[in-house]
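Chain by chain, the residues run as shown.
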Amino acid sequence: MFNSQKRRTLKLLGSAGLSVGSLIGSGTAAASFSALNNGEQAVSGGPGLSANGRTELGIKIINSRDVVENTVLLTNNNQSTIFVERFLPAHIIYNNKLLDLNAALPKSGLRIDAGQVVARDVDIWQLLSQPVIEYVWAEHAVEAIGNGTELVSLGAFFADNNAIVFADPAPAIAA
């Protein structure tokens, strides 16, 4: 039987590989996988889409009943470093669940180098009633990847250091 830390590590490495399209690519994803960053310096975010047409910041929320910690993977799709000061809107709602992306950021913001993937823990709550807040409705961006694990695919572009979040209409994993 695995302990919680081993489960969390396996979940992160497996999901990073799945988010790039296949389990075969998980070695490459794991090689570019970064430990948590704290106390970063401010660098301004770039405009619009990256050169390859993807959003500037890829956001994958991993919710698994097998692991206590839920995770958000942030992928910088730019050719330059970006700095996330806050997410707008920060609240994400899907499958009667609610989370706040800003709660996953350090108080000083988060610097993500070009092509880097950063993992942050995030709390996900059961939605008991419809809140009166701004939020992204991400029901269509959820994929079940087995064993009670959900992957929510979001994207963001930048206005200054604010990441403007939207639900990605393209599935992250080929059916």
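Residues numbered from 1 in each chain as written. Predicted model: local features only at pLDDT ≥ 70, side-chain atom pairs only at ≥ 80, totals over all residues. Heavy atoms only, no water.

K.L.:
Help me understand the environment of Leu74, please; the structure alone is not making it clear to me.
P.N.:
Inspection of the secondary structure puts Leu74 in strand β3 (residues 70–76). In this structure Leu74 touches Leu57, Gly58, Ile59, Phe87, Leu110, Ile112, Gln116, Val117, Val118 and Arg120, once residues within four positions along its chain are discounted. (Helix = DSSP H or I, 4+ residues; strand = E, 2+ residues; numbered from the N terminus. Contact = heavy atoms within 4.5 Å.)

K.L.:
Even after reading the chapter, I still don't get the side chain of Lys60, so can you show me in this structure?
P.N.:
Topologically, Lys60 is positioned in strand β2 (residues 57–64). By relative accessible area, Lys60 is classed as buried at 14%. Reaching out from Lys60, the side chain makes a polar contact with the side chain of Ser153 at a distance of 3.1 Å. (Buried < 20%, exposed > 50% of the residue type's maximum accessible area, 1.4 Å probe, protein only. Polar contact = N/O pair within 3.5 Å; in protein donor to acceptor, adjacent residues only side chain to side chain.)

K.L.:
Please clarify how a nonpolar patch on the surface should be interpreted in this entry.
P.N.:
Side chains of Ile133, Tyr135 and Trp137 sit close together on the surface and give an oily, nonpolar patch of about 270 Å² of accessible area. Inspection of the secondary structure puts Tyr135 in strand β11 (residues 135–137). (Patch = residues over 30% accessible without salt bridge, like charges linked within 9 Å, V, L, I, M, F, W, Y side chains within 5 Å. Areas by Shrake-Rupley, 256 points an atom, 1.4 Å probe, with all protein chains shown as cover. Salt bridge = Lys/Arg side-chain N within 4 Å of Asp/Glu carboxyl O.)

K.L.:
Looking at this model, I keep getting lost on the confidence of the model for the protein. Mind explaining?
P.N.:
As a note on interpretation, predicted positions should not be read in detail where pLDDT is low. Mean pLDDT over the protein: 73, with 65% of residues reaching 70 or higher. Across the protein, strand β8 (residues 110–112) holds the top mean pLDDT of 97, while helix α2 (residues 26–32) sits lowest at 27. Counting contacts from residues 9–53, a segment whose pLDDT is below 50, to residues more than four positions away or on other chains yields 81 contacts. (pLDDT = per-residue confidence, 0-100.)

K.L.:
Would you mind going over the nonpolar core with me for this structure?
P.N.:
Generally speaking, a soluble globular protein has its nonpolar side chains buried in company with each other. Leu57, Ile59, Ile61, Phe87, Ile92, Leu101 and Leu154 are the most contacted members of the largest nonpolar core, which totals 31 residues. Residue assignment for this core shows that the elements contributing at least two residues are β2, β3, β4 (82–84), β6 (91–94), β8, β9 (117–122), β13 (149–159) and β14 (162–167). (Core = buried A, V, L, I, M, F, W, Y, C linked by side-chain atoms within 4.5 Å.)

K.L.:
Just to check I follow, could you spell out the environment of Ala156 for this structure?
P.N.:
Turning to its location among the elements, Ala156 is positioned in strand β13. Here Ala156 falls in the buried class, since its relative accessible area comes to 0%. Separated by 100 residues in sequence, Ala156 and Glu56 place their C-alpha atoms 6.2 Å apart. The contacts of Ala156, once residues within four sequence positions are left out, are Thr55, Glu56, Leu57, Ile59, Ala163, Ile164, Val165 and Phe166.

K.L.:
Help me out: how do you make sense of the environment of Leu154 in this one?
P.N.:
Tracing the backbone shows Leu154 in strand β13. Leu154 gets classed as buried once you look at its relative accessible area, which sits at 2%. Each C-alpha atom of the pair Leu154 and Ala138 lies 7.9 Å from the other, and the pair is 16 residues apart in sequence.

K.L.:
Teacher, can you tell me more about the pairing of β3 here?
P.N.:
Strand residues, when the strand is regular, have side chains that alternate between the two faces of the sheet. Most of β3 sits inside the fold, with six of its seven residues counted as buried. In this structure, β2 lies alongside β3, joined through six bridges in antiparallel fashion. Within the sheet, the bridge partner assigned to Ile59 lies in β3 and is Leu74. When β3 meets β9, the two strands line up antiparallel, connected through six bridges. Considered in β9, the bridge of Leu73 is made with Ala119. (Pairing = 2+ DSSP bridges.)

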